[in-house]
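Spelled out, the chains give:
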Amino acid sequence: MNVNATMRTNLPGATIAARKTSGVGREWRLASRTVRFSAICLAMFYLLAAASPFFASYDPTYQNREMPDCPPMSLHMNAPSDWPRALFYTHPMRMQDPTARTFVADTSRRLDIHLFTRGHLFTTDNEREPYFMLGSDGLGRDLYSRIVYGSRVSMCVGLIGVLISFSLGITIGALSGYVGGTVDFLIMRWSEIEMSLPSFYFLLALAAVIPSGMSTVATFFMIVAIMSFISWAGFARIIRGMASSVRSRPYVEAARALGASRWRIITRHIIPSVIGYAIVAATLSIPGFILGESALSLLGLGIQEPAASWGNLLAQAQDVQNLARYPWILIPGIFIFLAVMSFNFLGDHLRDRLDPTTAG
């Protein structure tokens, strides 16, 4: 065993990197098409969140009052002779009936769409003549740009929330399971009290106390803290049961006999033994955070206007008449659906791969 460890240590960095790359490639080949599609979707969503100013065509708060509730605009390709000027174009929209907010395309004019211009992936020459790829909302704001900026909140709330709640769950659960006695009794009774509360209504009650004047960043972290406070208890109970079964194993007994401290045994032996389950459970829990934030923002208790999240972008869809007239306002719901299902499929795949009964 020591010889193998020494040989791995002496391997050049390029060889180690090549082996890791081949391992990732092997996992990619073993994954089903659904899992691959899920991984691609999540990578794209996090790329949108990381580079929102580039992918968004316009400022998400800019209001074009002349084009409220504009439908998605068609995209056309220019003739090869016009490619030096612009590869794509669209026909600008003009309002036909201000009362019903109906638009028609002005086919007598062409609006060039420029790629990689002014720090954006695509945009037009003038904000007053925009290209609404996914339409606009009731205030004339570009829905696509708001979805891109909204991914910052909706995609990051899951990662940060899981990081907080599962750090608490692993630490508290491992401590309770290893120490036992009165500490275990008090921690488990407290977790049972939290688990007995109806989570969504408890979440609404806590979110209602958030001051209305708080900044978007402060509101975001308050929502993450509230959701993490609610979700750690169930995970801690499972980790506690796993830690209780691990503490009597020979390598834990040996560490205790050699004089290792309680904290060292927990961090070096107990927590590593449950980390595989923790990774799978964390992946499967991220959709709950995304849906929780979306529900709060949809009800007006989360991210507030003019900031964007996928949840508050669906607020306009609460009106059945708006939904019938402007069906494109449901597009943010498609992004929520894809993100949630992608995490679920990826979590199921990780559970199958990390299950020792199916390994190999």
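Residue indices begin from 1 for each chain and proceed along its sequence in written order. It should be noted that, the model being predicted, local features are given only for residues of pLDDT at least 70 and side-chain atom pairs only at 80 or more, the latter also being counted only at that level, while totals for whole chains, interfaces and linings use all residues. Note that the side-chain values use all heavy atoms of the structure and ignore hydrogens as well as water.

Explain the packing of aromatic side chains to me, please; I cannot follow it from the model alone.
Aromatic ring pairs are described here by two measures, namely the spacing of the ring centres and the angle between the planes. Pairing of aromatic side chains here covers Phe, Tyr and the six-membered ring of Trp, requires ring centres within 6.5 Å, and sorts the geometry by plane angle: under 30 degrees stacked, over 60 edge-to-face, intermediate tilted. Evaluation of the coordinates by the stated rule reveals 9 aromatic pairs. Ring centres of F45 and W310 lie 5.6 Å apart, and the angle between their planes is 80°; on these two criteria the pair is classed as edge-to-face. Taken together, the residues span a long stretch of sequence, with F45 in helix α3 (residues 33–50) and W310 in the loop between α10 (262–298) and α11 (320–325) at a distance of 265 residues. In this structure, F45 and W310 share a single accessibility class: buried. With a centroid separation of 4.1 Å and 50° between ring planes, the pair formed by F166 and F235 is classed as tilted. Taken together, the residues span a long stretch of sequence, with F166 in helix α5 (residues 143–179) and F235 in helix α8 (residues 216–246) at a distance of 69 residues. We call a residue buried when its accessible area falls under 20% of the maximum for its residue type, exposed when it is over 50%, and partly exposed in between, using a 1.4 Å probe and counting protein chains only. By relative accessible area, which is 8% here, F166 ends up buried. Linked through ring pairs, F45, W310 and F335 together constitute an aromatic cluster. Lysine and arginine charges are scored as sitting over a ring when NZ or CZ, respectively, is within 6 Å of the ring centre and within 35 degrees of the ring normal. One Lys or Arg, R110, reaches over the ring of Y89 and ends 4.1 Å from the middle of that ring. Numbered from the N terminus, helices here are DSSP runs of H or I no shorter than four residues, and strands are runs of E no shorter than two.

Which parts of the structure should I look at to understand the packing of α8 against α10?
Helix packing geometry: the angle between the two helix axes and the distance between the axes. Contact geometry of α8 with α10 gives a least axis separation of 10 Å together with a crossing angle of 155°. With respect to α10, the axis of α8 lies roughly antiparallel. When the axes of α8 and α10 are compared, the crossing they make is right-handed. Of the residues in α10, those in contact with I223, M227, S228, S231, F235, I238, I239, M242, A243 and V246 of α8 are H269, I270, S273, V274, Y277, A278, A281, G288, F289, G292, E293 and L296. In the contact of α8 with α10, the residues fall into 15 nonpolar, 6 polar and 1 charged. Comment: axis = line fitted to C-alpha atoms, over the contacting stretch for helices; angle = value between 0 and 180 degrees taken between N-to-C directions. Here is the rule for angles: anything less than 35 degrees is roughly parallel, anything more than 145 is roughly antiparallel, 65 through 115 is roughly perpendicular, and the remaining ranges are oblique. Crossing handedness is defined as follows: a turn of the near helix away from the far one that is anticlockwise and smaller than a right angle gives a left-handed crossing, while the clockwise case is right-handed. Residues count as neighbours in contact if any of their non-hydrogen atoms are within 4.5 Å of one another. Amino acids are sorted into nonpolar (Ala, Val, Leu, Ile, Met, Phe, Trp, Tyr, Cys and Pro), charged (Asp, Glu, Lys and Arg) and polar (every other residue, Gly among them).

Teacher, can you tell me more about the pattern of salt bridges here?
A side chain of one charge can pair with a side chain of the opposite charge if their charged atoms are brought near each other. Think of a salt bridge as a Lys or Arg side-chain nitrogen and an Asp or Glu carboxyl oxygen that are within 4 Å of each other. With the rule as written, the count across this model stands at 13 salt bridges. Linking D184 and R240 is a salt bridge whose minimum nitrogen-to-oxygen distance equals 2.5 Å. Of this pair, D184 sits in helix α6 (residues 181–196) while R240 sits in helix α8; the two residues are 56 residues apart in sequence, bridging distant segments of the chain. Judged by relative accessible area, R240 falls into the partly exposed class, the value being 28%. E253 is the partner of R256 in a salt bridge, and the nearest nitrogen-oxygen pair spans 2.7 Å.

Just checking my understanding: could you explain the sheet that holds strand β2 (residues 88–90) for this structure?
The pairing of strands in a sheet happens through backbone hydrogen bonds and is either parallel or antiparallel. The 4 strands lie next to each other as β1-β2-β5-β6, forming an open sheet whose pairing is antiparallel. Each edge of the open sheet is held by one strand with a lone partner, namely β1 (76–77) and β6 (120–123). A pair of strands is treated as paired once DSSP finds two or more bridges between them. The pairing of β2 with strand β5 (residues 111–117) spans 3 bridges and is antiparallel. In the strand pairing of β5, Y89 is matched with D112.

That is the geometry; function is a separate question.
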